[in-house]
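Coordinate analysis (summary)
Each chain, letter by letter, is given below.
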Amino acid sequence: MVAAELLKLRTTRAWIGFLLAGLALAGIAAAGTVGTAEDFRLGTTELSREILSASGIAEVIAFVVGIVSVTAEWRHGTVTRTFLATPRRDRVLVAKELGIVVPAALLWVLTTVLALAIAVPWLAFEGSSFALGEELAGYAGRILVTTVLWGALGVGVGAIVQSQTPAVVGAILWVLVAEGLITAALGLADLEVIGDYFPGRALSAFDGSGEEGGLSTWPAGAVGLGWVAVLGLLGHLRMSRQDVT
Amino acid sequence: MIEVGRLTKRYGATLAVDDLSFAVAPGTVTGFLGPNGAGKSTTLRAILGLVHPTTGTTTVLGVPYRELDRPLERVGAVLETFDAHPGRSGRNHLRVLATAAGLPTSRVDEVLALVELSGVARRRAKGYSLGMRQRLGLAAALLGDPEVLVLDEPANGLDPQGIRWLRDLLRSLAAEGRTVLVSSHVLAEIAQTVDEVVIIHRGRLVHQATMDEVEAMASGGTRVRAPDAERLGSLLADAGVESRSVGDGRLAVSAAPERVGELAAAHGIVLHELTAERATLEEVFLELTRPGSQEIEA
């Protein structure tokens, strides 16, 4: 079942677009980071960390791929055949959640490799080097995990909303705009701590790309995982009694 | 083999299927007939577990579709809507299904050959003609070599050659002992293929009969031409057979030609013409699904 989900992703051309978009944006981010780095930052682990953060774009792409992996089925009517082959719809959803791990991880690997392929020779050319530090591996690893979690969140959103454009646009707007606005509004009542539990803010607190404050790493990761479970469950409730006409 | 028990499906205020019950016996080909909007697709989708009944039950091979183990190897289906991703090739579409069902890829190439689609199998499905799409749907249905087939309007979009091909395919599938439920809004399209018909109208069963019975309903009276039509008419009336003059020495008689011919011979009446009259199957179908006709049959 997971293999079937992977085959679905692989056998349309959409993945090429997603991959190219991810690589282009990660490449620009990495080049921008090195190109604009002041001399005193060259060779610092802080700069290395910023270079690695270029693969954060993989999180966004994985989120969209996760959404589309469900909405495309409704959009093109393939959901009929999917449910005929697997009438237990919860299994379909679980297979999609598991199936998203592979493309999400792949996106992270390729964007990270590209960022390093740009930054390492460039730094060498400038007479510097890519500084290594113990915490860098943990940081990169957390981006990988976050990318996978975003993919799974996308599957949940897709299962709930089902209509492709509203799902993608709505989810992106929520993460980029609504979470910040609502948190700011909550701040007026001294309740901004609630905002820390929103999925986008929790996951950026987990991978370390978020603003100062907010949840600490592991609680933030747990909140992110909780959102995956909640959205998955809502998606399941939505699909299980649904008529496919 | 397929059982629909008091199925009712309501979409908001619309009653799509209304207390419908029928059964399809193993090893038969059953035509599922009704005008557009009669509730055929909803019923078939309920049988396949895609639509949840408001009340009532549907089973295939004795259990609800959702409880079938390895369903594609038990039941194959073609539904009216195109269900392949336009950007995926026909072959990859089937590979996805085969993978989900745990079937070997070799089976994909077998069904592609069976529906005569091997030549375009690696092309993206968006370029497929309506006929190719129907064939791809049939290929998907046959993937698991199922014993039961549920086909919703499979002849739609096929040209006359395609319909002939489909008819031959259905006949050979039935000859292998499979159970086939095939819907259509045109009786003549499937009349030569089916053993039985289930006719629904406005979500209700109006008639379930064998094809022989339907044929019998279609057989009508006799048309006869005689120089002394008037005398023949009164002789028929004496024998309790209705007839009416249709002008020019012709009579329309509501009895079989044998009866009319024998009666004429017994009385030495010369006949110039004696023809059996048959209503077409389409006329029978239209009669059965005429508004109000269900009161007669139900």
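Scroll up to find the structure this text is about.
Right, let's walk through the structure included here. (Residues numbered from 1 in each chain as written. Chains lettered and ligands numbered in written order. Predicted model: local features only at pLDDT ≥ 70, side-chain atom pairs only at ≥ 80, totals over all residues. Heavy atoms only, no water.)

**Quick look at the overall build of chain A**
Assigned secondary structure in chain A consists of twelve helices and zero strands. If you list the helices and strands of chain A from N to C, you get α-α-α-α-α-α-α-α-α-α-α-α. A compact globule built from 245 residues would reach a C-alpha radius of gyration of about 18 Å, and chain A, at 19 Å, matches this within 12%. In terms of its C-alpha atoms, chain A occupies a principal-axis envelope of roughly 65 × 50 × 30 Å. Within chain A, buried positions represent 49% of all 245 residues. In chain A, 80% of the contacts between residues at least 6 apart in sequence involve partners at least 24 apart. (Helix = DSSP H or I, 4+ residues; strand = E, 2+ residues; numbered from the N terminus. Rg over C-alpha atoms; globule rule 2.2 N^0.38 Å. Buried < 20%, exposed > 50% of the residue type's maximum accessible area, 1.4 Å probe, protein only. Contact = heavy atoms within 4.5 Å.)

**So, helix α1 (residues 2-10) of chain A**
Along α1 of chain A, the residues that are buried comprise A4, E5, L7 and K8 of chain A. The arc that holds the buried residues of α1 of chain A, viewed along the axis, is 160°, so those residues lie on one side. Elements in contact with the buried residues of α1 of chain A: α4 (57-76), α5 (79-85) and α6 (89-99) of chain A together with α2 (90-101) of chain B. (Arc of directions from axis to C-beta.)

**Points about the interface of chain A and chain B**
Contacts between the two partners involve 24 residues from chain A, matched on the other side by 33 residues from chain B. Summed over both sides, the interface of chain A with chain B buries roughly 2700 Å², with 58% coming from carbon and sulfur. Where chain A meets chain B, there are 16 residue pairs in polar contact (both at pLDDT 80 or more). Of all elements in the fold, only α1 and α5 of chain A reach the threshold of two or more residues within the side of chain A that touches chain B. (Buried area = accessible area lost by both parts, 1.4 Å probe. Polar contact = N/O pair within 3.5 Å; in protein donor to acceptor, adjacent residues only side chain to side chain.)

**Describing the pairing of strand β3 (residues 29-33) of chain B**
Look at any regular strand and the pattern is simple: side chains alternate between the two faces of the sheet. All names here are of chain B. Among the five residues in β3, five count as buried, and that is most of the element. The alternating pattern of β3 places V29, G31 and L33 and T30 and F32 on opposite faces, both of which are buried. With four bridges joining them, β3 and strand β8 (residues 196-201) adopt parallel strand pairing. Note on β8: the bridge partner recorded for L33 is I199. (Pairing = 2+ DSSP bridges.)

**Overview of unusual backbone geometry**
Residues and elements named next belong to chain B. Residues other than glycine seldom take positive phi values, yet D19 does so here, at roughly 55°. In this fold, D19 is placed in strand β2 (residues 14-24). Despite not being glycine, D248 has its phi angle at roughly 60°, a positive value. Looking at where D248 falls in the secondary structure, it is placed in the loop between β11 (243-247) and β12 (250-253).

**Section: the pattern of salt bridges**
Side-chain pairs of opposite charge can arise where the charged atoms are in close proximity. Residues and elements named next belong to chain A. Tallied over the entire structure, the rule returns 25 salt bridges over all chains. Across the pair K8 and E5 runs a salt bridge whose closest N-O atoms are separated by 2.9 Å. In this pair, K8 and E5 both sit in helix α1, three residues apart, roughly one turn of the helix. Here K96 makes a salt bridge to E5, at a shortest N to O gap of 2.7 Å. Note that K96 is positioned in helix α6 and E5 in helix α1, a separation of 91 residues in sequence. Exposure class is identical for K96 and E5. Each is buried. (Salt bridge = Lys/Arg side-chain N within 4 Å of Asp/Glu carboxyl O.)

**A closer look at the sheet that holds strand β4 (residues 55-60) of chain B**
Residues and elements named next belong to chain B. Ordered in space as β2-β1-β4, the three strands form an open sheet in which the pairing is antiparallel. Across the chains shown, the open sheet's two edge strands, defined by having one partner strand only, are β2 and β4. Neighbour-to-neighbour, the strand axes of this sheet turn through a mean angle of 20°, independent of strand direction. Judged from the five bridges that link them, strand β1 (residues 2-11) and β4 form a sheet pairing that is antiparallel. Looking at the pairing, I2 lines up with V60 of β4. Running at roughly 120° to β1, helix α1 (residues 40-47) makes contact with β1, β2 and β4 of the sheet. (Axes fitted to C-alpha atoms, helices over the stretch in contact; angles between N-to-C directions.)

**Remarks on helix α8 (residues 229-238) of chain B**
All names here are of chain B. Turning to α8, its buried residues number three or more, namely A229, L232, G233, L235 and L236. Down the axis of α8, the smallest arc covering the buried residues is 165°, so these residues share one side. Away from the buried face of α8 by more than 90 degrees, exposed residues E230 and D238 are located. Backbone geometry just after α8 places G240 at a positive phi near 80°.

**Describing the nonpolar core**
By size, the foremost hydrophobic cluster in this structure holds 120 residues, and its most contacted members are L48 and L94 of chain B. Looking at this core element by element, the count peaks at twelve residues for α4 of chain A. If sequence neighbours within four positions are ignored, L94 of chain B has contacts with V108, V111, L112, L136, A139, A140 and L143 of chain B. The next biggest cluster of nonpolar side chains, apart from the first, holds 17 residues, and it includes A30, V34, L136 and I143 of chain A. (Core = buried A, V, L, I, M, F, W, Y, C linked by side-chain atoms within 4.5 Å.)

**Remarks on the packing of helix α7 (residues 211-218) of chain B against helix α10 (residues 281-288) of chain B**
All names here are of chain B. At a minimum axis separation of 9 Å, α7 and α10 run at an interaxial angle of 95°. In terms of axis orientation, α7 runs roughly perpendicular to α10. Here M211, V214, M217 and A218 of α7 lie close against α10, whose contacting residues are L281, V284 and L288. For the contact of α7 with α10, the residue count by class is seven nonpolar, no polar and no charged. (Parallel < 35°, antiparallel > 145°, perpendicular 65-115°, else oblique. Nonpolar A, V, L, I, M, F, W, Y, C, P; charged D, E, K, R; others polar.)

**Quick word on the pairing of β2 of chain B**
Examined bridge by bridge, β1 of chain B and β2 of chain B share seven bridges and lie antiparallel to one another. Bridged to K9 of chain B within β2 of chain B is V17 of chain B.

**Structural notes on the environment of T71 of chain A**
Residue and element names in this part refer to chain A. The residue T71 is located in helix α4 in this model. Between the C-alpha atoms of T71 and L114, which are 43 residues apart in sequence, the distance is 30 Å. If sequence neighbours within four positions are ignored, T71 has contacts with G158, Q162, S163, Q164 and A167.

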